[in-house]
Amino acid sequence: MRYTVEDSVVIERRVDDVYALVSDVTRTGEWSEQCHACDWDSSARGAGATFTGHNRTPVREWSTVSTVTVDEPGARFEWTVGSGGVRWGYRLEAAGENVTRLTEYTAFPETGEAFFRQKFGDDANTQMTIRLSAAAAGIPATLARIKEVAEA
C-alpha cells in the first residue's frame, strides 16, 4: 500500500519565519498529533543530520530515528524515518507580503511497504492502513496548530 498525503495552510508570517519554526525539530511536540518530543542526535544540522522522535497514540508509544534529506531554507525541509524510506516534510512558498503557504506531506513508498511486511507480517496491511488514517487526519490538525503557534 503506497500512498502520499498532503495538505496546506496559509500563515500570516514571512516564509523565513515559518521555515525557522518547522525546521526546528525540537518544537515538533507543540503541534504534532503523535510526536510529543524530538531531540537532535548530535550538533549536526542540515541534510544528513539525524533526530529521534518520541511518538505516542492511545494504544502505544515508540521512538524513531529520522534523517534530514532536504534542508532548503525558506523552501523545503524533509526527512526520512528509519530504514523504511517513509518521507515527511514541509514545502513553503510566499503567498503574499508576509504570508506563507505551508504544505505538510508524507510519502509511504515501496520500501516502506516492504519494511512493514517484514516487521508486522500478516498484520502489515492493518498497520499501513492505521498509518494512512493517522496521516490523513493528523496533517490538517498539525498544520492548524503550526498556524496558531506561528501567528501568536
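Look above for the structure.
Because the structure is a prediction, the values reported are computed rather than measured.

1. Digging into helix α2 (residues 110-120)
Among the residues making up α2, those that are buried are Gly112, Glu113 and Phe116. In an axial view of α2, the angular spread of the buried residues amounts to 100°, which keeps them on one side of the axis. The outward face of α2, more than 90 degrees from its buried face, is lined by the exposed residues Glu110 and Gln118. Those residues of α2 that are buried lie in contact with β6 (86-96), β7 (99-108) and α3 (124-151). Positioned one or two residues after α2, glycine 121 has a phi angle of 55°, which is positive.

2. Structural notes on the side chain of threonine 80
Inspection of the secondary structure puts threonine 80 in strand β5 (residues 76-81). In this structure, threonine 80 is in contact with Val65, Ser66, Thr67, Thr69, Val86 and Arg87, ignoring residues within four places of it in sequence.

3. Quick look at the pairing of strand β4 (residues 61-72)
By the bridge criterion, seven bridges tie strand β3 (residues 50-56) to β4 in an arrangement that is antiparallel. Among the inter-strand pairings, threonine 52 is bridged to a residue of β4, identified as valine 65. Bridge count for β4 against β5 is six bridges, and the pairing is antiparallel. Residue threonine 67 lies in a different strand from β5, and its bridge partner there is threonine 80. The hairpin formed by β4 and β5 contains three residues between the paired strands, and glycine 74 there has a positive phi angle of roughly 80°.

4. As for the sheet that holds β5
Ordered in space as β1-β7-β6-β5-β4-β3-β2, the seven strands form an open sheet in which the pairing is antiparallel. For this open sheet the edge positions go to β1 (3-11) and β2 (35-40), each flanked by a neighbour on one side alone. The average undirected angle you get between the axes of adjacent strands in this sheet is 25°.

5. Some thoughts on the pattern of salt bridges
Inspection of the entire model under this criterion finds eleven salt bridges. The residue aspartate 17 makes a salt bridge to arginine 13 at a minimum N-O spacing of 3.2 Å. Residue class for arginine 13 comes out partly exposed when judged on its relative accessible area of 30%. The partner of arginine 14 in a salt bridge is aspartate 17, and the shortest N-O contact between them spans 3.3 Å. A single salt-bridge network, built from bridges that share partners, covers Arg2, Glu110, Glu113 and Arg117.

6. Re the side chain of glutamine 127
By secondary structure assignment, the location of glutamine 127 is in helix α3. The class for glutamine 127 is buried, based on a relative accessible area of 13%. Dropping the residues within four chain positions of it, glutamine 127 is found in contact with Phe116 and Phe120.

7. Some remarks on unusual backbone geometry
In the Ramachandran plot, asparagine 98 falls in the positive-phi region, its phi being about 60° despite a non-glycine side chain. Summarising the element assignment, asparagine 98 is placed in the loop between β6 and β7. What makes asparagine 98 partly exposed here is its relative accessible area of 42%.

8. Quick notes on the nonpolar core
In terms of nonpolar packing, the biggest core is built from 32 residues, with Tyr90, Leu102 and Ile146 touching the most fellow members. Contributing elements (two or more residues each) for this core: β1, α1 (15-22), β2, β5, β6, β7 and α3. Per-element tally for this core: the top contributor is α3, with seven residues. With near-sequence residues (within four places) excluded, tyrosine 90 lies in contact with Val22, Trp31, Ala75, Arg76, Phe77, Trp79, Leu102, Thr103, Glu104, Tyr105, Thr142 and Ile146.

Calculation rules
- Residues numbered from 1 in each chain as written.
- Predicted model: local features only at pLDDT ≥ 70, side-chain atom pairs only at ≥ 80, totals over all residues.
- Heavy atoms only, no water.
- Buried < 20%, exposed > 50% of the residue type's maximum accessible area, 1.4 Å probe, protein only.
- Helix = DSSP H or I, 4+ residues; strand = E, 2+ residues; numbered from the N terminus.
- Arc of directions from axis to C-beta.
- Contact = heavy atoms within 4.5 Å.
- Pairing = 2+ DSSP bridges.
- Axes fitted to C-alpha atoms, helices over the stretch in contact; angles between N-to-C directions.
- Salt bridge = Lys/Arg side-chain N within 4 Å of Asp/Glu carboxyl O.
- Core = buried A, V, L, I, M, F, W, Y, C linked by side-chain atoms within 4.5 Å.

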